[in-house]
Each structure stands twice: as C-alpha cells, then as structure tokens.
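Take a look at the letters that make up each chain.
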Amino acid sequence: MMIGVGLDARLGLPFGQLREVAREAERLGFESLWTPAGGVPDAFHICAAWSQDTSLRTGISVVPAARMWTAQALAAQAATVAQLSSGRFVLGLGTGGYGPVFWESAGLPNRPIAVMRDYVTAVRRLLAGETVTSDGPGVRLRSVSLGVRDLPRTPVYLAALGPQMLRLAGEVADGALLNWAAPERIAASLRWIAEGAARAGRSPGEVSATMYVRVCIDDDVAAARRAFGAQVLGYALAQPGVPPGAGYRGLFSQMGFDEALRELEDRRDRGAAMADLVEAAPDELFRAVGYFGPAAAAPAAFARLSVGLDEAIVRVITARPGPEAVVRAMAALTPSAIRAA
C-alpha cells in the first residue's frame, strides 16, 4: 500500500507554506501529495509546484468535473501538469453534486452514471492523444484532440461512493477514489470495483483503490474532536435538495448511522449550531471513518481504517492554525509508523 498526504485550502495555508509542508512530507517518507479542487490556491497550480519542489507523485481528488469543466479544457489542464511533472500526476474526477436539482443547475440530465461514463472515457482518450467524437449525455465533441502527441501517461481516477459508480470505475477508469468509507465499506467497494472490471474484461488489479483517511492530531482531545467532527457532519448530514438516500448522507446511512443522523438533523432543523451537533454526535460515527486525538494511537488507527486500499492518503485536519499543526500530524503518521503498526 502506498501512503500519501492530503493538504487543502481548509488548512488556511498560503501557497508558499503549502510548498514548504510538501517538502517536509517528502522528507518524512510520504509517497504522494494530494489536494482537492475548488479552493484557493488552485489545485492544478499546487500540484505543478509540488512536482517542481519534490520527486513525489501528485494528485487532485477530486475535480467536480460536470459542474466546472468541459472535457477538453480539463484534459488540457491535466496534460500540462503531466508534462511539468514528467508523468507524476493523477487526475481525479467526480460529479460535483447529487440529485435532480444539482444536475439541472449543471445543465445535464439526471443520469450520473451515463454522464460520468462519457466524461471519463473522453478525458482518458484525449490524454492518450486520440481524436474524440462524442454525442452522449455527458460530453459532446466533434473530432476534438489536444493536438499533442507522446504526452506522459496521466491516470484518471473516478470518485465513487455507491455500487453503480464503483462498478463504472472498474470498467472505465484507472482508479477509484473512495471517501469516508469504514473498513467494511472499503471491502464492499473493492468487490463492486472488481465486478465492473470483470464486465470490461479487465483485471481488478488494473484499477487502483485510493482513499482519504482524515486525522486530527492534538493532545487536546476535545478540540481535536470538534475540528474532526465538524468535517464529518459537513458531509454526513442531509443537504437541501439532495435525497437522503443519495450522496454522502446515503453512504453514512448504509454504514449504519441513519438513526443517529436523523436525530442530529432534527436538532439542526430546530436551530442547533454545528458545534452543538458535534457535541451530540456519537463517537462511533467519528471513529468509524477517521481518527482524532493524541499522536501515539494514530498509526494503529490509520492502519485499521485503510485495510484493503492500494493507496491511503493521510488527510490532515487541524484543531489550530498554522503549518506546525500540519507537520505534527504528518510526523505522527509517517508511512514507516503506519506500516510498523
């Protein structure tokens, strides 16, 4: 299993500090650097800088493709970073949202599997130097190419939560990006990926399974729990316009937390603030998908939470600002410490 580190705009680090922390990650033995799209600094610029500052592979997890980019424009961005990094770049794609309201706002049909099948296929073919024509629900192109030959190979991963999207990743992508999955859900996800791969006549080993595992390292356990819990509930609670069985709310329900989330949503709808919801949430919900607390117990927890993955990413959450807290988390969860656990 490869072990990377995930850094993003929520840490509040300016561009220069993100570069410094990345150099420290390489010194600590991490094997890849990941950042999500959508924040400032921009993820493509961050990965380009990291590829100049380190010898590590970089990746974006995930670009909300359907909402923000055409396939041609996104492929051009990815190809540029692939060239700058000498082929050490991974592009992660996702829908960017769920439910009919989202798809209507994106000007696309509410057919996420069909849309992402078109999108992933078109981007992979463009990055392979092919000329692409597509008239599907997700991509409309007429004899389009990037106009460049012999590009470095750029793996394209698909962000996937449910069985259908995971099977699609097994069929058409180079990897599947899981998120907030408990160990039992990772195991189920691997089965669905393998089913999709078999459907396409591929070996499951051709499709990498990668996931962020969130951690908040701090001796002040209450502060770590607050910071960590706010991020969990930001995903897990039902969002307006999204059916409760869809997206992350559906994922957490399927992992056994529907009753707890319904109680928290009732509190929220009666006016409870996020801090109160985090305080009321059961520890079992938080510990099922990540770790918060002192450094000593973190490697063993991370090892347990990442079983079965091809690549596990230490996604850093901090309870206090500044790069020192980020470096402390990385130092607690070095690849050597995790493997020893």
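For the structure, check the block above.
Cut-offs applied
One numbering rule holds for all chains: residues counted from 1, following each sequence as written. Per-residue local features of the predicted model are confined to residues with pLDDT of at least 70, and side-chain atom pairs are confined, for both listing and counting, to 80 or more; whole-chain, interface and lining totals are unaffected and use all residues. Hydrogen atoms and water are omitted, and side-chain values are computed over all heavy atoms in the structure. Relative accessibility thresholds used throughout: buried, under 20% of the residue-type maximum; exposed, over 50%; partly exposed, between the two (1.4 Å probe, protein chains only). Only DSSP runs of H or I with at least four residues qualify as helices, and only runs of E with at least two residues qualify as strands; both kinds are numbered from the N terminus onward. Strands pair, by our definition, only if DSSP identifies at least two bridges between them. Convention used here: a crossover is right-handed provided that the path from the first strand, over the helix, to the second strand proceeds clockwise when the strands point away from the viewer. Here the axes come from fitting lines to C-alpha atoms, over the contacting stretch only for helices, and the angles between their N-to-C directions go from 0 to 180 degrees. Oblique is the label for any angle not covered by the other classes, which are roughly parallel (under 35 degrees), roughly antiparallel (over 145) and roughly perpendicular (65 to 115). Crossing handedness is defined as follows: a turn of the near helix away from the far one that is anticlockwise and smaller than a right angle gives a left-handed crossing, while the clockwise case is right-handed. In this description, contact between two residues means that some pair of their heavy atoms is separated by no more than 4.5 Å. Side-chain classes are defined by residue name, with Ala, Val, Leu, Ile, Met, Phe, Trp, Tyr, Cys and Pro counting as nonpolar, Asp, Glu, Lys and Arg as charged, and the others, Gly among them, as polar. A helix is expected to span 1.5 Å for every residue after the first. Salt bridge, as applied in this entry: a Lys or Arg side-chain nitrogen positioned within 4 Å of an Asp or Glu carboxyl oxygen.

(A) Broad picture of the pairing of strand β2 (residues 32–35). Residues Ser32 and Trp34 point to one face of β2 and Leu33 and Thr35 to the other, with burial holding for every one of them. Sheet analysis places strand β1 (residues 2–6) next to β2, joined by two bridges and oriented parallel. Of the residues in β2, the one forming a bridge with Val5 is Leu33. Considered for its hand, the β-α-β crossover made up of β1, helix α1 (residues 15–27) and β2 is right-handed. The sheet contact formed by β2 and strand β3 (residues 57–64) spans four bridges and is parallel. Across the sheet, the residue bridging to Thr35 is Ile60, located in β3. Crossover handedness for the path β2 to helix α2 (residues 43–53) to β3: right-handed.

(B) Main features of the packing of helix α7 (residues 163–172) against helix α8 (residues 183–199). Contact geometry of α7 with α8 gives a least axis separation of 6 Å together with a crossing angle of 50°. Taken together, α7 and α8 sit at an angle that is classed as oblique. Considering the relative orientation of α7 and α8, their crossing is right-handed. Listed contacts from α8 to Pro163, Leu166, Arg167, Gly170 and Glu171 of α7 are Arg185, Ser189, Trp192, Ile193, Glu195, Gly196, Ala197 and Arg199. Of the residues that constitute the contact of α7 with α8, the class distribution is five nonpolar, three polar and five charged.

(C) Molecular detail of α8. Here α8 is 17 residues long and its end C-alpha atoms lie 25 Å apart, about the 24 Å a rise of 1.5 Å per residue gives. Within α8, burial applies to Arg185, Ile186, Ala188, Ser189, Trp192, Ile193, Gly196 and Ala197. The elements touched by buried residues of α8 are α7, β8 (175–179), β9 (208–217), α10 (247–269) and α13 (298–305). Downstream of α8 by one or two residues, Gly201 has phi in the positive range, about 70°.

(D) Summary view of unusual backbone geometry. A cis geometry characterises the amide bond from Val40 onward to Pro41, with omega recorded as 5°. Within the secondary structure layout, Pro41 lies in the loop between β2 and α2. In this structure, Ser143 takes a positive phi of about 50° despite not being glycine. Position of Ser143 among the secondary structure elements: in strand β6 (residues 140–144). For Ser143, a relative accessible area of 56% translates into the label exposed. Notably, Asp150 is not glycine yet its phi reads approximately 55°, a positive angle. Tracing the backbone through its elements, the reader meets Asp150 in the loop between β6 and β7 (156–159). Classification of Asp150 by relative accessible area gives exposed; the value is 79%.

(E) Focus on the pattern of salt bridges. One pass over the structure, following the stated rule, counts 21 salt bridges. For Glu24, the salt bridge identified is with Arg27, shortest N-O distance 2.6 Å. Residue Glu24 and its partner Arg27 are located together in helix α1, separated by three residues, close to a single helical turn. When the shortest N-O distance is used, the salt bridge between Asp269 and Arg268 registers 3.3 Å. On the basis of relative accessibility, which here comes to 29%, the residue Arg268 falls in the partly exposed class. In this structure, a network of salt bridges that share partners links the residues Arg249, Asp258, Arg262 and Glu265.

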